[in-house]
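Now for the letters of each chain:
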Amino acid sequence: QRVFAEETEMLDTTTTDQRVAIAREYVDRVFNGQDGERAREYFSPDIAFHALTVGDLKGADSVVPVLVALIGALSDVDAQVQDVIASGDLVALRQVVKARHTGNLLGIPATGRDLRWDAVDIYRINEAHLDRADATRYRDASIVRRQREREIAWHVNGEIGACRSRGVFAHR
């Protein structure tokens, strides 16, 4: 549903409901479907991706390998959307994510444990493509990475301590 104005300027007529559907579909197919490579179908070529854990990335060719690695470190991913806020070209999804840690996750070897965390992702969707993603999905995993020695010790005790105390990650 794209409308072309005079000359070559393209106007985006994607509705808010369509943007929400695109964001939900992206989470379902890429994360729940455990197919990081599929993110290319949703990204504009010059997507801007902002995440505290990996920093700012520009372009699908930079973002997709990071998603492939993150998703590849997990199995049984189940991201359930809890809340949606949408305004203009922005869609925010609050999710509860459950997964099993079965691969190297940001430098932490696989533990085989079940994980649960809250995620808030904000997407800018234009022309039915994600132009920007602000992800807090792995926000507190950066704490785990910085405190690796401490975290590995806590793994032995069955917890990811710093994150668990803040209610972000929880082992079962």
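Cut-offs used in this document
- Residues numbered from 1 in each chain as written.
- Predicted model: local features only at pLDDT ≥ 70, side-chain atom pairs only at ≥ 80, totals over all residues.
- Heavy atoms only, no water.
- Helix = DSSP H or I, 4+ residues; strand = E, 2+ residues; numbered from the N terminus.
- Buried < 20%, exposed > 50% of the residue type's maximum accessible area, 1.4 Å probe, protein only.
- Contact = heavy atoms within 4.5 Å.
- Areas by Shrake-Rupley, 256 points an atom, 1.4 Å probe, with all protein chains shown as cover.
- pLDDT = per-residue confidence, 0-100.

Draft legend 1. Spotlight on the overall build of the protein chain. Tallying secondary structure elements over the protein chain gives five helices and eight strands in all. Tracing the protein chain from N to C terminus, the helices and strands come up as β-β-α-β-β-α-β-β-β-β-α-α-α. Burial analysis of the protein chain (172 residues in total) assigns 43% to the buried set. In the protein chain, of all internal contacts separated by at least 6 residues, the share reaching a separation of at least 24 is 53%. Total accessible area computed for the protein chain in this model is approximately 8900 Å², and 48% of it derives from carbon and sulfur atoms.

Draft legend 2. Quick peek at unusual backbone geometry. A positive phi angle is found at Asp76, which is not glycine, with a value near 55 degrees. We classify Asp76 as exposed; its relative accessible area is 54%. Positive phi outside glycine occurs at Leu106, with the angle close to 55 degrees. Mapped onto the elements of the fold, Leu106 is located in the loop between strand E6 (90-101) and strand E7 (114-126). Classification of Leu106 by relative accessible area gives buried; the value is 15%.

Draft legend 3. Structural view of the confidence of the model for the protein chain. Overall, the prediction assigns the protein chain a mean pLDDT of 76, with 70% of residues at 70 or greater. The element-level mean pLDDT for the protein chain is lowest in helix H5 (residues 161-165), coming to 33, with strand E5 (residues 74-87) highest at 96. Note that residues 1-10 has pLDDT below 50 and, in this model, 15 contacts with residues that lie over four places away or in other chains. Every residue in residues 137-172 is under pLDDT 50, and counting partners more than four places away or in other chains gives 78 contacts.

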